[in-house]
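# Chains, contacts and geometry: an overview
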Amino acid sequence: MRLPVSLWLPLALAAAAVAAGQSPLQRRVVRDVMEYFHGRSSVNFLFRERELDGVIEREDPSGTFVQLRLGLAQTSCRKRGPQRQCRVVENRRKPTCLACYKFDTSDIPKVLDKYHNCGPAHHLAAKVRCPPVPSVCPCAIPSRCQPVLCPQEIRQRDEAECRAVEEAGKGGDALYLPGMFAFSRGLPA
């Protein structure tokens, strides 16, 4: 089955435009996030990159920090099956992944620290009111109850984790070397 040019051309042009404006580190982060997302046991279908926004790339003496939000779209191909013509399925899951990476300053940058959070797009929404949390566990087994996180709490946790990733490799993470903190105490006279 061949698809008309009017269907696949906009997708191909959008993917090329997104890839053209990315730095090598941003492409590496996108590739890592896609591998991470598809490696999860709850993901049964392949996903494609839908959009890339909120890209931040900052350099400092300790390395390069990259933060981005990657929108994904579900395709018709199963993760474990043959991947012939995978087309994006409309009105299906469209998760969003937040990724924060810190790379060192070497010629082939190594990852110093990283953080991913992939979930439904509404988890990363900016202004959503939290529903009231029931005080009683609705489960029969109380140990199975998970605390409900509202989007504001998720966003705050994401911001804190990304700040921690950005601080990786700075002075506080220096290695302890023998003699750095050597203290001696004299004998009593």
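Quick note: structure is the one above.
First things first, this report covers the structure right here in the doc. (Residues numbered from 1 in each chain as written. Predicted model: local features only at pLDDT ≥ 70, side-chain atom pairs only at ≥ 80, totals over all residues. Heavy atoms only, no water.)

## Let's talk about the pattern of salt bridges
Counted according to the given criterion, the structure contains three salt bridges. Notably, a salt bridge pairs R50 with E51, separated by 3.4 Å at the nearest N-O pair. Residue classification places R50 among the partly exposed positions, given a relative accessible area of 34%. Here E166 and R58 are joined by a salt bridge, their closest N and O atoms 2.8 Å apart. Here the residue E166 occupies a position in helix α3 (residues 151-167), and R58 occupies one in strand β1 (residues 45-60), the gap between them amounting to 108 residues. Residue class for E166 comes out buried when judged on its relative accessible area of 17%. (Salt bridge = Lys/Arg side-chain N within 4 Å of Asp/Glu carboxyl O. Buried < 20%, exposed > 50% of the residue type's maximum accessible area, 1.4 Å probe, protein only. Helix = DSSP H or I, 4+ residues; strand = E, 2+ residues; numbered from the N terminus.)

## Points about helix α2 (residues 24-38)
Here α2 contains 15 residues, and its C-alpha end-to-end distance of 21 Å stays within 8% of the 21 Å for a straight helix at 1.5 Å per residue. For α2, the secondary structure elements touched by its buried residues are β1, β2 (63-78), β3 (95-103) and β4 (111-120). (Expected span 1.5 Å × (residues − 1). Contact = heavy atoms within 4.5 Å.)

## What about unusual backbone geometry?
Despite not being glycine, N91 shows a phi value in the positive range, around 60°. Inspection of the secondary structure assignment puts N91 in the loop between β2 and β3. The class of N91 is exposed, set by a relative accessible area of 75%.

## Considering the state of the cysteines
In this structure the tally under the stated criterion is three disulfides. With its sulfur 2.0 Å from that of its partner, C77 forms a disulfide with C86. Of note, the bridge from C77 to C86 carries an S-S torsion of about -105° and is left-handed in sense. Classification of C77 as buried rests on a relative accessible area of 7%. Among the residues examined, C86 registers a relative accessible area of 12% and is labelled buried. Across a sulfur-sulfur distance of 1.7 Å, C100 and C162 are joined as a disulfide pair. Its S-S torsion of approximately 65° makes the covalent link between C100 and C162 right-handed. Of the two residues, C100 sits in strand β3 while C162 sits in helix α3, which places them 62 residues apart along the sequence. In this structure C162 comes out as buried when scored by relative accessible area, which is 5%. (Disulfide = S-S within 2.5 Å.)

## With respect to the packing of aromatic side chains
What the rule picks out here adds up to two aromatic pairs. Seen from their ring centres, F37 and F47 are 4.9 Å apart, and the 85° between their planes marks the pair as edge-to-face. Here F37 is found in helix α2, whereas its partner F47 is found in strand β1, with ten residues between them in sequence. Relative accessible area serves as the criterion here: at 3%, F37 is assigned to the buried category. (Phe/Tyr/Trp six-rings, centres within 6.5 Å; stacked < 30°, edge-to-face > 60°.)

## Things to note about the sheet that holds β2
The strands making up a sheet are joined through hydrogen bonds of the backbone, oriented either antiparallel or parallel. The strand order across the open sheet formed by four strands is β1-β2-β3-β4, and the pairing between neighbours is antiparallel. Looking at the sheet topology across the chains shown, the edges are occupied by β1 and β4. Geometrically, the sheet is characterised by an average inter-axis angle of 15° between neighbouring strands, direction not taken into account. Pairing between β3 and β4: nine bridges, direction antiparallel. Bridging from a neighbouring strand, P95 pairs with P120 of β4. On top of the sheet, α3 reaches β1, β2, β3 and β4; it is set at about 165° to β4, its chief contact. (Pairing = 2+ DSSP bridges. Axes fitted to C-alpha atoms, helices over the stretch in contact; angles between N-to-C directions.)

## Focus on the environment of K102
If you trace the backbone, K102 turns up in strand β3. Spatially, the C-alpha atom of K102 lies 8.8 Å from that of Q67, the residues being 35 residues apart in sequence. Within the local environment of K102, its side chain forms a polar contact with the backbone oxygen of E166, the two atoms lying 2.7 Å apart. (Polar contact = N/O pair within 3.5 Å; in protein donor to acceptor, adjacent residues only side chain to side chain.)

Worth remembering: the numbers are spatial, not functional.
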